[in-house]
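# Structural description and commentary
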Amino acid sequence: MYNIIVNPASKSGRGAKIWSMIEPVLAKKKIEYKVFFSKEAGHVIQIVRELSSSLSEDASGTVLQLIVLGGDGTLNETLQGISDFSRVQIGYIPTGSSNDLARDLKLPKDPLEVLENILSCQKATLMDLGRLTYDQLSGELSRQHSNTFSARRYFSVSSGIGFDAAVCEEALASKFKNTLNKMGLGKLTYLAIALKQLIAAKKITCTITLDDREPIVLPKFLFVACMIHQYEGGGFKFCPGADSHDGILDICVIGNFPKWLVLLALPTAFFGKHFLFKGIDHYTASRIHLETSAPLWVHTDGEVTRKSNSITITCEKEKIQFLL
């Protein structure tokens, strides 16, 4: 039996419309399922946590099969509620604004085709899982996730601190985003907010420690993005070489870089060409520790929970099971 989680509000109501297309197909195929509708930020975590709790009471090895109908944020909340990843399989039907995971996986545009692939999948595909740990709990909490904060948070696509997280935090509450979504231009939300955040960004120092290597000290930085997949923020190809099966984080660092030049470099990130600019660097590591001179927003898959000045991000090789 499939447990289907629907975020009806994703992409300004597109989630509800897609569910209305999928429901008759399930009935026609006589697929056994239960459906749960997300009502607010954090609700999906609660739903999945309750579904996962039954696994600890079941010693037969039963696998919980989830189908998530929503955006990258809905999928991210799903991860937070899972207690045993070895006994959960996830099917993902993207209905969000950015859909960066779907873009990297090259999922079909037609949600009914995605559904058919999930239902016919005989063997789940293993992919890497990222884990963020807040080492310091200083800094304010996000408006959207103040009631669901945890010192540990998982991610499937990317995690970052600084500029990109600040963009995500503003986008989550943006009325401008809803307007563009209704016009089919949701991707422009992130670009517009990015330009605004770029102007407002203050000078912050950052120390980066990759695995057990010597620390890298940046007297000024804009952001650090730790990627399992290639895209974030609605199609920015920040790490073109990211491989979701190698147990390694690909890391994009924009360090001592003039703001005016970012205006030229940022559009090239849609094509993965931004590393041609001096001051934009690429690293790889299975573990990265970041310390900043002031608390900054931190995100996991675009979901922002709080500001912090000390975080650790790791990659767990092929820990998530996807039905593709």
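Reference entry: report on the structure contained in this document.

Moving on: the layout of surface pockets. A water-sized probe rolled over the atoms picks out the places where empty space is left. In this structure, the second largest pocket occupies an estimated 470 Å³ of space. Q197, A200, A201, K202 and L296 are, among the 21 residues lining the second largest pocket, the residues nearest its centre. Mapped onto the lining of the second largest pocket, the elements with two or more residues apiece are α6 (163-172), α8 (187-200) and β13 (287-300). Per-element accounting of the lining of the second largest pocket gives the leading share, 4 residues, to α6.

Mapping I193 onto the fold places it in helix α8. Relative accessible area serves as the criterion here: at 4%, I193 is assigned to the buried category. Separated by 25 residues in sequence, I193 and C168 have C-alpha atoms that sit 8.6 Å apart.

Scanning the entire structure with this criterion turns up 6 salt bridges. Between R131 and E316 there is a salt bridge, with its nearest N and O atoms 3.6 Å apart. A residue pair is termed long-range when its members are at least 10 positions apart, and R131 in strand β5 (residues 125-134) and E316 in strand β14 (residues 303-323) qualify at 185 residues. The class for E316 is buried, based on a relative accessible area of 16%. Taking the shortest distance from any N to any O, the salt bridge between R213 and D211 comes out at 3.3 Å. For D211, a relative accessible area of 22% puts it in the partly exposed group. Connected through shared salt-bridge partners, R131, E316 and K319 make up one network.

So, about unusual backbone geometry. At N99, a position not held by glycine, the phi torsion is positive, near 50 degrees. A positive phi angle, close to 50 degrees, is found at D211, a residue other than glycine. For D211, the position within the fold is in the loop between β8 (206-210) and β9 (216-218).

The next point concerns empty space enclosed by the protein. Considering all chains together, one arrives at 2 cavities of 30 Å³ or more under this definition. Quantified by volume, the largest cavity comes out at close to 100 Å³. Taken together, 11 residues form the lining of the largest cavity, with D164, V167, G233, F236 and F238 sitting closest to its centre. Contributing elements (two or more residues each) for the lining of the largest cavity: α6 and α8. Each pocket or cavity is described by its volume, and for the second largest cavity that value is around 30 Å³. Lining of the second largest cavity is provided by F238, I254, A265, L266, A269, H274 and I280.

In total, this model carries 8 aromatic pairs according to the counting rule given. On the numbers, 6.0 Å between centres and 80 degrees between planes, the contact of W19 with Y33 is edge-to-face. On the criterion of sequence distance, the pair formed by W19 in helix α1 (residues 10-29) and Y33 in strand β2 (residues 33-37) is long-range, its members being 14 residues apart. Its relative accessible area of 7% is what places W19 among the buried residues. Residues F85 and Y154 carry aromatic rings whose centres are separated by 5.2 Å and whose planes lie at 75 degrees to one another, so their mutual orientation is edge-to-face. On the criterion of sequence distance, the pair formed by F85 in the loop between α3 (72-81) and β4 (88-94) and Y154 in strand β6 (residues 152-155) is long-range, its members being 69 residues apart. Following the ring pairs from residue to residue traces out a cluster consisting of F163, F223, F236, F238 and F270. Taking the ring centre of Y231 as reference, the NZ or CZ of R103 above it sits at 5.7 Å.

Rules of the game
Numbers given to residues run from 1 along each chain, matching the order in which its sequence is written. Restriction of local features to residues with pLDDT of at least 70 applies here, the model being predicted, together with a cutoff of 80 or more for giving and counting side-chain atom pairs; totals for whole chains, interfaces and linings are based on all residues. The side-chain numbers reported here are obtained from all heavy atoms of the structure, hydrogens and water having been left aside. Method remark: on a 1 Å grid restricted to protein atoms, a set of points is classed as a cavity if a 1.4 Å probe fits but cannot get out and as a pocket if it is open with protein on both sides within 12 Å along at least five of seven lines; lining residues have an atom within 4 Å of a point. Grid points are joined across faces, edges and corners, and a volume is the space filled by probe spheres set on the points. Put simply, DSSP marks the helices as runs of H or I at least four residues long and the strands as runs of E at least two long, and each gets a number from the N terminus on. In this scheme, a residue with accessible area under 20% of its type's maximum is buried, one over 50% is exposed, and one in between is partly exposed, where area comes from a 1.4 Å probe on protein chains only. Salt bridge criterion: a side-chain nitrogen from Lys or Arg within 4 Å of a carboxyl oxygen from Asp or Glu. Pairing of aromatic rings covers Phe, Tyr and Trp, the last counted by its six-membered ring, and requires centre-to-centre distances within 6.5 Å; plane angles under 30 degrees mean stacked, over 60 mean edge-to-face, and any other angle means tilted. We call a charge positioned over a ring when the NZ of a Lys or the CZ of an Arg lies within 6 Å of the ring centre and within 35 degrees of the ring normal.

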